[in-house]
Amino acid sequence: MFNTLAEALDWASSQFGAVSDTAKLDAEVILLHVIHKQRNHLYTWPDERLTVQQASDFKQLVAQRALGKPIAHIVGEREFWSLPFKVNPTTLIPRPDTEILVETALNLPLADNAKVLDLGTGTGAIALSLAYERPSWQVTAVDKIAEAVALAETNRDNLKLPQVEVLQSDWFDAIEEYDFNLIVSNPPYIDEDDEHLSQGDVRFEPQSALTAGMQGYADLFHIAQAARDYLAPGGYLLLEHGFEQALSVRQKMIELGYEAVATVRDFGSNDRCTLGRWPR
Ligand code: GLN
């Protein structure tokens, strides 16, 4: 089948067929994970032979990828905002699209000691990226799933951001502070009947992190409504949503009394986040 690193890459690239449009890259990432080396190693030492153990581990992981398992689950990690995050099947794999939410939050006119709440934090990607960039912000991250809380805590500890508080809470249920200067969330927003849910990598992610009732609006609208009680005067709500949901989210936020409601596009030019300010 294969003996050397170069042969292993060729073989693996041919195994993925329809599951991946990045077959070569997937093969590289899995091989580097197995041999614990940096990328340049593959091209500096293409004729190096895999050990029997490495070859067997590699075959097993390639087989999992061929069945559609996401690369992030195979290697247990995904980079977001240039930071490493542990991932597991209990929550969403951080998406590059969500980096625009972080960038938008960082551009808001907030005080050095701003209080920030991240709802449905999952891996902690948003909350921890914000805390990394603004170490003096008081960041709280919540998730309703205990395993996600544990994962976010692990990432917090790995990233050495002990100031971030992680709590188990179903949206605002366990929150007892009412003066947040910024509330952010990337809630589930995909329509439960969306056909993409049965295709590709999302099949391996939990429905709880992906889908919501009311054509995907149930959690977005719930958060927009409830956040009013938890925002300080002049505080901001910033929500990620689907690329076709911007108009409805803006209308809802205006109807709920938010000011300066605006949508921001992601790096793929899709409407991705909407923010509004609670009146002073
Ligand atoms: N943007 C993600 C996707 O398309 C969904 C993220 C979410 O539901 N919050 O898979």
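Each remark here, short or long, concerns the structure printed above.
Computed from a prediction, not measured in an experiment: that's the story for all the values here. (Residues numbered from 1 in each chain as written. Predicted model: local features only at pLDDT ≥ 70, side-chain atom pairs only at ≥ 80, totals over all residues. Heavy atoms only, no water.)

1. Some remarks on the nonpolar core
Counting 35 residues, the largest nonpolar core has Leu130, Trp137, Leu182 and Leu238 as the members making the most contacts within it. Elements that contribute at least two residues to this core include exactly β2 (83-86), α6 (99-106), α7 (125-133), β4 (138-143), α8 (146-158), β6 (180-185), β9 (231-240) and β11 (271-277). Of the residues forming this core, the biggest block, six residues, is contributed by α7. Membership of the second largest hydrophobic core comes to 25 residues, among which are Val142, Phe221, Ile223 and Met253. (Core = buried A, V, L, I, M, F, W, Y, C linked by side-chain atoms within 4.5 Å. Buried < 20%, exposed > 50% of the residue type's maximum accessible area, 1.4 Å probe, protein only. Helix = DSSP H or I, 4+ residues; strand = E, 2+ residues; numbered from the N terminus.)

2. Some words on the site of the ligand
The ligand sits among Leu92, Arg95, Asn186, Pro187, Pro188, Tyr189, Ile190, Val202, Ala209 and Leu210. Residue Arg95 places a side-chain N or O atom 2.7 Å away from an oxygen atom belonging to the ligand. For the ligand, a nitrogen atom lies 2.8 Å from a polar atom in the side chain of Tyr189. Within the complex, 84% of the 300 Å² of free accessible area of the ligand lies under protein. Within the shell around the ligand, the residues separate by chemical class into eight nonpolar, one polar and one charged. (Near = heavy atom within 4 Å. Polar contact = N/O pair within 3.5 Å; in protein donor to acceptor, adjacent residues only side chain to side chain. Areas by Shrake-Rupley, 256 points an atom, 1.4 Å probe, with all protein chains shown as cover. Nonpolar A, V, L, I, M, F, W, Y, C, P; charged D, E, K, R; others polar.)

3. Overview of the pattern of salt bridges
Any two side chains of opposite charge can pair, given that their charged atoms come close. A complete count under the given rule lists 14 salt bridges for this structure. The closest approach of N and O atoms between Arg39 and Glu28, which form a salt bridge, is 2.7 Å. Within this pair, whereas Arg39 is found in helix α3 (residues 39-44), its partner Glu28 is found in helix α2 (residues 23-35), the two being separated by eleven residues in sequence. With a relative accessible area of 47%, Arg39 lands in the partly exposed category. Between Asp271 and Arg265 there is a salt bridge, with the nearest N and O atoms lying 3.4 Å from each other. (Salt bridge = Lys/Arg side-chain N within 4 Å of Asp/Glu carboxyl O.)

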